[in-house]
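So the chains spell out like this:
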Amino acid sequence: VVFDSKRQFVAIGLYDPLSPIRMRALRTGKPGPIDRAFFADRIAQALVRRTPLLKTRTDGYRMIHGESDGMPGMVVDRYAETVVIKLYTHAWLPHLRDCIESLLDLHPTTRVVLRLSRGLKQHPEYLGGLTDGQIIYGKAITQTLTFYENGLKFEVDPVRGQKTGFFLDQRDNRARVELLSRGRRVLNAFSYNGGFSLAAARGGAVEVTSLDQSGHAIESSKRNFALNADIPTIAAARHLTIEGDAFRAMAELAKQGAQYDLVIIDPPAFAVRRSQIPEALSAYGRLAHLGVTLLAPGGNIVLASCSNPVSPEEFRQTMCDAAARAGRPLREIEKTGHALDHPLDFAESRYLKCLFAKA
Ligand code: SAH
């Protein structure tokens, strides 16, 4: 419990002596109990915020987005019948049972998988035997799990996959890409398991190239195309894959004179600390340069950044400068961010930036 210098109540929250974020505030301004009813109420409010998604064919989305849903240090993602809880602080462990039981009351589900942040895994002695990827409720996983995003079917591995298995935050941007794809040749750099590639293919792209350095990601993108082969536009699209470093592969494609009508570049975070901003901006600049070089005249480019310390303005300016230097100035169409299940309740939560442009 935090008091100010006049001994007035300020906040009550979770204390974590192992984390640089010592306290995660649960209630501010007015004191009140922290108990199962409190968590149940927070979870119920978070689920209500997501109800618009239930009208789409989407059963993979973020149910609880940490601080922005009043549950700092906890993320909960749903993949159809499987719920994945990812913890970023040990301080949640004493309350985990209350949270899971409240969640199951509100949203019956087949199983709950626990994922742990790097920080938690560094101190296994405080985990009470819990491990990353453990199924803490329900049935073991005996076959490949799948879920839907706007009617597209994806496989997911919530135990070993990146993040909790899928990049759910890009859902709306994938839907925008789908609308730009008809009759287009598309390059999807940093494609992971092909989220943007499938959206482009369903939108009528004639050819989609998925480029990623991870062989597992490329194989998964091929399986995801197969899973959606009943959709005529996806069956008709040619899916090509390149396994390799995106910087090198894009430079090589440019040397060969390859051209695309739509280029999507959604790399991993290049900066997690402020000191890494210059290096990150330089990498984004090189990617924008490569991207416009590969773009047929009048084509569309989609540039995304999930680097938290890089501001939207810095990102936009870097991209515009790099494209202009390549002789292909950007004409901005739209600047977008997170989907509605990743609410932004404070400035620091705004990590995803996405720029749609013509060049
Ligand atoms: N666009 C994806 C998410 C990208 S995550 C989506 O919509 O789901 C970042 C991806 O970049 C990962 O799959 C990772 O394997 C890949 N990656 C990281 N560094 C890379 C590099 N230098 N070249 C190519 N791929 C890279």
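Keep in mind that this is a model prediction, so the values were computed, not measured.

Some details on the packing of aromatic side chains
Logical step 1: According to the stated counting rule, one finds eleven aromatic pairs in the structure shown.
Logical step 2: Centroid distance Phe147 to Phe154: 5.9 Å. Interplanar angle 25°. Geometry classified as stacked.
Logical step 3: Here the aromatic rings of Phe147 and Phe166 are separated by 5.0 Å at their centres, their planes lie at 75°, and the arrangement is edge-to-face. A residue pair is termed long-range when its members are at least 10 positions apart, and Phe147 in strand S9 (residues 145-149) and Phe166 in the loop between strand S10 (152-156) and helix H4 (171-179) qualify at 19 residues.
Logical step 4: With relative accessibility at 1%, the residue Phe166 sits in the buried group.
Logical step 5: Clustering of aromatic rings is evident, with ring pairs tying together Phe190, Phe247, Phe270, Tyr284 and Phe315.
Logical step 6: In this arrangement the basic side chain of Arg57 is found over the ring face of Tyr148, its NZ or CZ atom lying 4.8 Å from the centre.
Logical step 7: Sitting over the ring of Phe196, Arg174 keeps its end group 5.4 Å from the ring centre.

Points about the pattern of salt bridges
Logical step 1: This structure, assessed with the given rule, holds 24 salt bridges.
Logical step 2: For the salt bridge of Arg176 with Glu334, the shortest nitrogen-to-oxygen distance reads 3.4 Å. Here the residue Arg176 occupies a position in helix H4, and Glu334 occupies one in strand S16 (residues 331-336), the gap between them amounting to 158 residues.
Logical step 3: On the basis of relative accessible area, Glu334 is assigned to the partly exposed category, the value being 33%.
Logical step 4: The closest approach of N and O atoms between Arg316 and Glu332, which form a salt bridge, is 3.5 Å. One end of the pair, Arg316, is in helix H10 (residues 312-325); the other, Glu332, is in strand S16, and 16 residues separate them in sequence.
Logical step 5: Given the relative accessible area of 37%, Glu332 is considered partly exposed.
Logical step 6: Through salt bridges with shared partners, a single network forms among Arg36, Arg97, Glu101 and Asp105.

Looking at the environment of Ser221
Logical step 1: Examined against the element boundaries, Ser221 turns out to sit in helix H6 (residues 215-227).
Logical step 2: The class for Ser221 is buried, based on a relative accessible area of 0%.
Logical step 3: Separated by 42 residues in sequence, Ser221 and Val263 have C-alpha atoms that sit 17 Å apart.
Logical step 4: Not counting chain neighbours up to four residues away, the residues in contact with Ser221 comprise Tyr192, Asn193, Gly194, Ser210, His239 and Thr241.

Quick word on helix H8 (residues 246-255)
Logical step 1: Along H8, the positions that sit buried rather than exposed are Ala246, Phe247, Ala249, Met250 and Leu253.
Logical step 2: As for H8, its buried residues are in contact with strand S11 (185-189), strand S12 (207-212), strand S13 (238-243), strand S14 (260-265) and helix H9 (277-293).

Details of the sheet that holds strand S2 (residues 9-15)
Logical step 1: Pairing is antiparallel in the open sheet, where three strands are placed in the order S1-S2-S3. Across the chains shown, the open sheet's two edge strands, defined by having one partner strand only, are strand S1 (2-3) and strand S3 (23-28).
Logical step 2: Across five bridges, S2 lies against S3 in antiparallel orientation. Residue pairing for S3: Gly13 is matched across the bridge by Ala25.

Focus on the sheet that holds strand S8 (residues 134-138)
Logical step 1: The strand order across the open sheet built from five strands is S4-S5-S6-S7-S8, with neighbouring strands paired in mixed fashion. Of all the strands in the sheet, the pair left with one neighbour each is strand S4 (60-65) and S8. Direction aside, the axes of adjacent strands within the sheet are offset by 20° on average.

Describing the site of the ligand
Logical step 1: Among the 15 residues in the neighbourhood of the ligand, the closest are listed as Phe190, Asp212, Asp245, Ala246 and Asp266.
Logical step 2: Here Arg174 contributes a side-chain N or O atom positioned 3.0 Å from an oxygen atom of the ligand.
Logical step 3: For the ligand, a nitrogen atom lies 2.7 Å from a polar atom in the side chain of Asp266.
Logical step 4: Out of a free accessible area of 580 Å², the ligand has 91% covered by protein chains.

Observations regarding the packing of helix H1 (residues 36-49) against helix H2 (residues 96-106)
Logical step 1: Contact geometry for H1 and H2: axes closest at 9 Å, N-to-C directions at 45°. On the basis of their axis angle, the class for H1 and H2 is oblique. Classified by chirality, the crossing of H2 by H1 is right-handed. Note on element contacts: H2 touches H1 through Asp98, Cys99, Glu101, Ser102, Leu103, Asp105 and Leu106, opposite Arg36, Phe39, Ala40, Ile43, Ala44 and Leu47.
Logical step 2: Residues that form the contact of H1 with H2 fall into these classes: eight nonpolar, one polar and four charged.

Reading guide: rules and limits
Residues numbered from 1 in each chain as written. Predicted model: local features only at pLDDT ≥ 70, side-chain atom pairs only at ≥ 80, totals over all residues. Heavy atoms only, no water. Phe/Tyr/Trp six-rings, centres within 6.5 Å; stacked < 30°, edge-to-face > 60°. Helix = DSSP H or I, 4+ residues; strand = E, 2+ residues; numbered from the N terminus. Buried < 20%, exposed > 50% of the residue type's maximum accessible area, 1.4 Å probe, protein only. Lys NZ or Arg CZ within 6 Å of the ring centre and 35° of its normal. Salt bridge = Lys/Arg side-chain N within 4 Å of Asp/Glu carboxyl O. Contact = heavy atoms within 4.5 Å. Pairing = 2+ DSSP bridges. Axes fitted to C-alpha atoms, helices over the stretch in contact; angles between N-to-C directions. Near = heavy atom within 4 Å. Polar contact = N/O pair within 3.5 Å; in protein donor to acceptor, adjacent residues only side chain to side chain. Areas by Shrake-Rupley, 256 points an atom, 1.4 Å probe, with all protein chains shown as cover. Parallel < 35°, antiparallel > 145°, perpendicular 65-115°, else oblique. Left-handed = near helix turned anticlockwise from the far one by under 90°. Nonpolar A, V, L, I, M, F, W, Y, C, P; charged D, E, K, R; others polar.

Everything listed here is a matter of coordinates, which is why it stays silent on function.
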